[in-house]
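# Structural description and commentary
In case you want the letters, here they are:
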Amino acid sequence: MISLEWMPPLMFGGLVIFMLIGFPVAFSLMAAGLFFSLIAMSEGFFGIAFLQAIPQRIFGSVLANDLLLAIPFFTFMGAILERCGLAEEMLDSMGQLFGRVRGGLGYSVIIVGFILGAITGTVAAQVIAMAMISLPIMMRYGYNMRYATGVLAASGTITQLVPPSLVLIVLADQLKTQSGSADVGSMYLGAWGPSLLQIALFALYTFFLARIRPDDLPPAPEGELTLKGWSLWKKCLMGIIPSAVLIFLVLGTIMTGIATPTESGAMGAMGALLLAWIRRANIPNLKGLIQEAYQNTMRITAMVVFILIGSTCFSVVFQGVDGGRWIEELFSSLPGGWIGFLIVVNLFVFFLAFFLDFFEIAFIVVPLLAPVAVKLLSPVLLDSMNGNPQAAASAALVWFGVMLCVNMQTSFMHPPFGFALFYLRGVAPKEVKSGDIYWGALPWVGLQLMMVVLVMAFPALVTTLLDKPAAIVQSQEFNFTGEENKSDNSTSKVDEDAPVNFQLDKPVK
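Per chain, the residues get numbers from 1 upward, laid out in the order the sequence is written. Only residues with pLDDT of at least 70 get local features here, since the model is predicted, and only at 80 or more are side-chain atom pairs given and counted; chain-wide, interface and lining totals rely on the full set of residues. Excluding hydrogens and water, the side-chain figures rest on all heavy atoms present in the structure.

Turning our attention to the overall build of the protein chain. Per the convention used, a helix needs a DSSP run of H or I reaching at least four residues, while a strand needs a run of E reaching at least two, with both numbered from the N terminus. Helices and strands together make up the secondary structure of the protein chain, namely 22 helices and 2 strands. Counting every position in the protein chain, which comprises 509 residues, the buried fraction comes to 51%. Sequence separation of at least 24 residues holds for 78% of the intrachain contacts in the protein chain that already meet a minimum separation of 6. Summing over all exposed atoms, the protein chain offers an accessible surface of approximately 23,000 Å²; the carbon and sulfur share of this is 66%. Type-normalised accessible area, obtained with a 1.4 Å probe on protein chains alone, sets the label of each residue: buried when under 20%, exposed when over 50%, and partly exposed for intermediate values. Note on contacts: a residue pair qualifies if any of its non-hydrogen atoms lie within 4.5 Å across the two residues. The Shrake-Rupley method, run with a 1.4 Å probe, gives the accessible areas here. Residue values count only the displayed protein chains as cover.

Printed below as a string of structure tokens:
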């Protein structure tokens, strides 16, 4: 006999066991959900009719979800752009521009990583492309190996936060509650502040390291700087202007309300194809590149859909055994209120990122935490949202989602399963030691965790650009009856006996 209170923690434990056995995450979620549904039905917690919600949710929330169509579009766009030669041209021009400054190659990698993050959205593409181009040059100039590998990995992971990040799209789809929801446009607007601040932190760290240990970040030799004056600026603009146009096609149309995320993703995919065709002289096999991009897009999209189906199966059963109430009671009773909640959640996500991919964290954990986040974080933002509770609920989910996105960047950076480190190890020369790659990543993980603390302490970093509607106004009627004005022939004068109604518009806070 198993009590209902024990079912939610047993489901989490069972999910961990299924994954430790070696099952793929998507099938582990399905197996855990179906296994514990049999236990719940045998114990009488719900009947077999309850399981009809699983196919209904799969068809309604997964297969018929228009928002998820943006994922293959953005994936295809990134797959095209990673091979069209844009990264090489931008790194070369930026390296020439900052070459005379100590740490100049570091600055160029950070800036190019930010720009590429705004048009590709894929970590693998950035890390591999920038490492293949910049790492041999950094080694030739005498850069410290740990700094070189760290800055390449960190600037590649910034794409997880910079719009149009796939992580932000997935989080927007999962951050939906009865009180409010986080749409993709708001997630993109909220992510710009932390994105720019993180780039500033990376550049500031490079600046101080160049001052403290100048020999580790030397300037480029004068003989390597072949471009000067207008020819240098022209080459820089040739990489920046197409990127800026593509960024507007993707982000500007969403933020201005011209297009939905799916429509902007389609425009971005067409823009990437057009850019590849313009640069076809630098692409040996354009047709092969497009075919490979299609295959990569199909593979990633299928993975996302299967994980979504598995998480739907797990979450329906989890809610059926009162898992939502268990999660809310568990996190609402933490000491420290909303601050304690955010600290525990971020530590939990940071720990999960050692073993799980960001897709898996978003689909498994985020839907369970979203209702608790709305309950605890909405009062914090109520005043900044002009006392509008619906706006505060949506802003709280955006703030929570962007914070988790900053945190989940570390899943690509920290040992033992940091995929950015694996990508870097795969393309780095043999003389680069694995120890340098892993030790070099630690300072940048620290900077990313510092960003988590800053976003937690200053929600205005996320909410400043969000819409702040006026306070909701409700009408209250006050009934005043003028007893002293009644005349003797009141029965004939009905309008004088009628109550006088006054309305007072009062903002709800």
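Let us now look at the side chain of Gln409. Position of Gln409 among the secondary structure elements: in the loop between α18 (389-408) and α19 (419-427). Only 2.9 Å separates the side chain of Gln409 from the side chain of Gln198, close enough to count as a polar contact. Distance and chemistry together define a polar contact, namely a pair of N or O atoms within 3.5 Å, with one atom able to donate a hydrogen and the other to accept it when in protein, and with adjacent residues in sequence counting only for side-chain atoms on both sides. Within the structure, Gln409 has its side chain in polar contact with the backbone oxygen of Val406 (distance 3.3 Å). Aside from chain neighbours lying at most four places away, what touches Gln409 is Thr157, Ile158, Gln160, Leu161, Gln198 and Gln448.

Right, let's talk about the packing of helix α4 (residues 70-81) against helix α12 (residues 261-278) for a bit. Working convention: axes come from line fits to C-alpha atoms, limited for helices to the stretch in contact. Angles between N-to-C directions cover 0 to 180 degrees. With their axes 8 Å apart at the nearest point, α4 and α12 run at an angle of 20 degrees to one another. Overall, the two elements α4 and α12 adopt an arrangement that is roughly parallel. Crossing angle aside, the handedness with which α4 passes α12 is left-handed. Listed contacts from α12 to Ala70, Phe73, Phe74, Phe76, Met77, Ile80 and Leu81 of α4 are Pro261, Thr262, Ser264, Gly265, Ala266, Gly268, Ala269, Ala272, Leu273, Leu275 and Ala276. Residues were grouped as follows: Ala, Val, Leu, Ile, Met, Phe, Trp, Tyr, Cys and Pro as nonpolar; Asp, Glu, Lys and Arg as charged; and all remaining residues, including Gly, as polar. When its residues are assigned to classes, the contact of α4 with α12 shows 14 nonpolar, 4 polar and no charged. Oblique is the label for every angle not falling under 35 degrees (roughly parallel), over 145 degrees (roughly antiparallel), or within 65 to 115 degrees (roughly perpendicular). Left-handed describes a crossing in which the near helix is turned anticlockwise from the far one by less than a right angle; the clockwise case is right-handed.

Quick look at a nonpolar patch on the surface now. In this scheme, patches are assembled from residues that exceed 30% relative accessible area and form no salt bridge. Like charges are connected within 9 Å, while nonpolar side chains (Val, Leu, Ile, Met, Phe, Trp, Tyr) are connected within 5 Å. Whenever Lys or Arg places a side-chain nitrogen within 4 Å of a carboxyl oxygen from Asp or Glu, that contact is recorded as a salt bridge. Together, Ile17, Ile21, Phe23, Phe27 and Phe306 make up a nonpolar patch on the protein surface, roughly 510 Å² of accessible area in all. Along the chain, Phe306 falls in helix α13 (residues 286-320). Residue classification places Phe306 among the partly exposed residues on the basis of a relative accessible area of 42%.

Here we come to the pattern of salt bridges. Where side chains of opposite charge bring their charged atoms close, a pairing between them can arise. Counted by the stated rule, this structure contains 3 salt bridges. Two residues, Arg146 and Asp436, come together in a salt bridge whose shortest N-O distance is 3.4 Å. Note that Arg146 is positioned in helix α8 (residues 145-157) and Asp436 in helix α20 (residues 434-457), a separation of 290 residues in sequence. When its relative accessible area of 40% is taken as the criterion, Arg146 is described as partly exposed. A salt bridge links Lys176 to Asp173; the nearest nitrogen and oxygen atoms lie 3.6 Å apart.

A few words on the environment of Arg280. Position of Arg280 relative to the elements: it lies in the loop between α12 and α13. Given a relative accessible area of 41%, Arg280 falls into the partly exposed group. Along the sequence, Arg280 and Cys84 sit 196 residues apart, while their C-alpha atoms lie 7.7 Å from each other.

Next up on the list: the environment of Gly103. Along the chain, Gly103 turns up in the loop between α5 (86-98) and α6 (104-117). Distance from Gly103 to Asp216, taken between C-alpha atoms, is 8.4 Å for residues 113 residues apart in sequence. With near-sequence residues (within four places) excluded, Gly103 lies in contact with Tyr143, Thr206, Leu217 and Pro218.

Another aspect to go through is the packing of aromatic side chains. Aromatic ring pairs are reported here in terms of the distance separating the ring centres and the angle at which the planes meet. Aromatic rings from Phe, Tyr and Trp, taking only the six-membered ring of Trp, are treated as a pair when their centres fall within 6.5 Å; an angle between ring planes under 30 degrees marks them as stacked, one over 60 as edge-to-face, and anything in between as tilted. Applying the stated rule across the entire model yields 13 aromatic pairs. For the ring pair Tyr147 and Trp444, a centre distance of 5.8 Å and an interplane angle of 50 degrees mean the geometry is tilted. Remark: Trp444 occurs in helix α20 and Tyr147 occurs in helix α8; sequence separation between them is 297 residues. In terms of burial, Tyr147 and Trp444 fall into one category: buried. On the basis of an interplanar angle of 80 degrees and a centroid distance of 5.2 Å, the ring pair of Phe202 and Trp444 is categorised as edge-to-face. One end of the pair, Phe202, is in helix α10 (residues 184-212); the other, Trp444, is in helix α20, with 242 residues separating them in the sequence. By relative accessible area, which is 1% here, Trp444 ends up buried.

The set of residues buried in helix α14 (residues 323-332) consists of Gly323, Ile327 and Phe331. Summarising the axial view, the buried residues of α14 lie within an arc of 55 degrees, below the 170-degree limit, and thus occupy one face. Across from the buried face of α14, at angles greater than 90 degrees, the exposed residues are Arg325 and Glu329. Lining the buried residues of α14 we find α1 (7-21), α13, α15 (337-352) and α17 (366-381). The arc in question is traced by the directions running from the helix axis to the C-beta atoms.

What follows deals with the confidence of the model for the protein chain. As a general rule, the predicted coordinates of low-pLDDT regions are not to be interpreted in detail. On average, the protein chain scores 78 in pLDDT, and the residues at 70 or more come to 87%. Low pLDDT (under 50) marks residues 474-509, which in the prediction has 39 contacts with non-local residues, meaning those over four places away or in another chain. As a per-residue measure, pLDDT tells how confident the predictor is, with possible values from 0 to 100.

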